[in-house]
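A closer look at the structure
Now for the letters of each chain:
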Amino acid sequence: MLIDLSDILSVDGKTKELKMPVSMDSFESKLGSFPVVEKQPLDVVITNTGKKVLRIEVKGKVSLALPCDRCLKDVATEFEIDLEKEVDMKTSEEDRIKDLDEINYITGCSLDIEQLVHNEILIHWPMRVLCKEDCKGICSHCGKDLNEGPCSCEQESPDPRMAAIRDIFSKFKEV
Ligand SMILES: [Zn+2]
Ligand SMILES: [Zn+2]
């Protein structure tokens, strides 16, 4: 969803308020593909503060289904979008990207809301996702969800292979 900024840019002091729906149905990144389970239209306020500087404010919420780190069950995880940025439209696109921690959601004279939401989700990606604090995870032998009760595998010390899988998961997130 693109917002054309050219009319705001042409009048100093002009403000534009919009309700923008989030069109993505899933969040796609190198972390994987995660379905959007809840979304609200975003409140977008764009103000021309003069000298071709725009203040962009975006507020809203998007929830994604992320797998629990231990049992892999989907956990609805809310991402709060609350961004306020001043963008100097005088600078070239290249400089702008360098200056303002990679503002890649403004191209030419339009603001790409989906890209902005994508960035915000990535910035706020949780370090860990648990369906509940004391999630027991799944048995590394039979795959049973141990939250539903013990499995019939013999009790033994935690399987090092399972720890390795968890490590891979957490490394994956740091990328
Ligand atoms: Zn869990
Ligand atoms: Zn088992």
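In this report, the structure presented in the accompanying data block is examined. Every chain's residues receive numbers from 1 upward, in the order its sequence appears when written. Starting at A for chains and at 1 for ligands, labels are handed out in the order in which the entities are written. Where local features are concerned, this predicted model is filtered to residues with pLDDT of at least 70; where side-chain atom pairs are given and counted, the filter is 80 or more; whole-chain, interface and lining totals use all residues. Side-chain calculation: all heavy atoms of the structure are included, whereas hydrogens and water are not.

Re the overall build of the protein
Helix and strand counts for the protein stand at four helices and nine strands. From first element to last, N terminus to C terminus, the protein shows the α and β order β-α-β-β-β-β-β-β-α-β-β-α-α. Each residue is assigned to one of three classes by its accessible area relative to the maximum for its type, calculated with a 1.4 Å probe on protein chains only: buried under 20%, partly exposed between the two thresholds, exposed over 50%. Counting across all 175 residues of the protein, residues that qualify as buried make up 37%. Residue pairs in contact within the protein that sit at least 24 positions apart in sequence constitute 57% of those at least 6 positions apart. For every accessible area listed, the method is Shrake-Rupley and the probe measures 1.4 Å; residues are considered covered only by the protein chains on display. Accessible surface computed for the protein: about 10400 Å², of which carbon and sulfur atoms make up 52%. Where helices and strands are cited, they refer to DSSP runs of H or I of at least four residues and of E of at least two residues respectively, numbered from the N terminus. Contacts were defined at the residue level, with two residues in contact if any of their heavy atoms lie within 4.5 Å.

Description of the side chain of Ser 63
By the element assignment, Ser 63 lies in strand β6 (residues 53–67). Once residues within four sequence positions are removed from consideration, Ser 63 is found in contact with Pro 35, Val 36, Val 37, Glu 38, Thr 77 and Glu 78.

With respect to the environment of Glu 133
As for its position among the elements, Glu 133 is in the loop between α3 (113–123) and α4 (160–174). Judged by relative accessible area, Glu 133 falls into the exposed class, the value being 61%.

Observations concerning the coordination of the zinc ion (ligand 1)
Summarising the metal site, the zinc ion (ligand 1) is bound by the protein donors Cys 68 (SG), Cys 71 (SG), Cys 131 (SG) and Cys 135 (SG), whose distances to it range over 2.2 to 2.3 Å. Coordination at the zinc ion (ligand 1) is tetrahedral, judged from the four donor atoms that bind it and the angles of 105 to 115° they form at the metal. Between consecutive donors of the zinc ion (ligand 1), the numbers of intervening residues give the motif C-x2-C-x59-C-x3-C. Remark: Cys 135 occurs in the loop between α3 and α4 and Cys 71 occurs in the loop between β6 and β7 (74–88); sequence separation between them is 64 residues. The same class applies to Cys 71 and to Cys 135, which are both buried. Coordination partners: N, O, S within 2.8 Å of the metal, 3.2 Å for Na, K and Ca; water not considered, so apparent gaps in a site are possible. In this scheme the shape depends on donor count and angles: four donors with every angle between 85 and 135 degrees give tetrahedral, four or six donors with opposite pairs above 155 degrees and others between 65 and 115 give square planar or octahedral in turn, and any other case is irregular.

Digging into the pairing of β7
Strands pair, by our definition, only if DSSP identifies at least two bridges between them. Sheet analysis places β6 next to β7, joined by 15 bridges and oriented antiparallel. By the bridge assignment, Ile 56 is partnered in β7 with Lys 85. Taking the residues between adjacent antiparallel strands as the criterion, β6 and β7 are bridged by six residues, where Leu 72 takes a positive phi near 70°.

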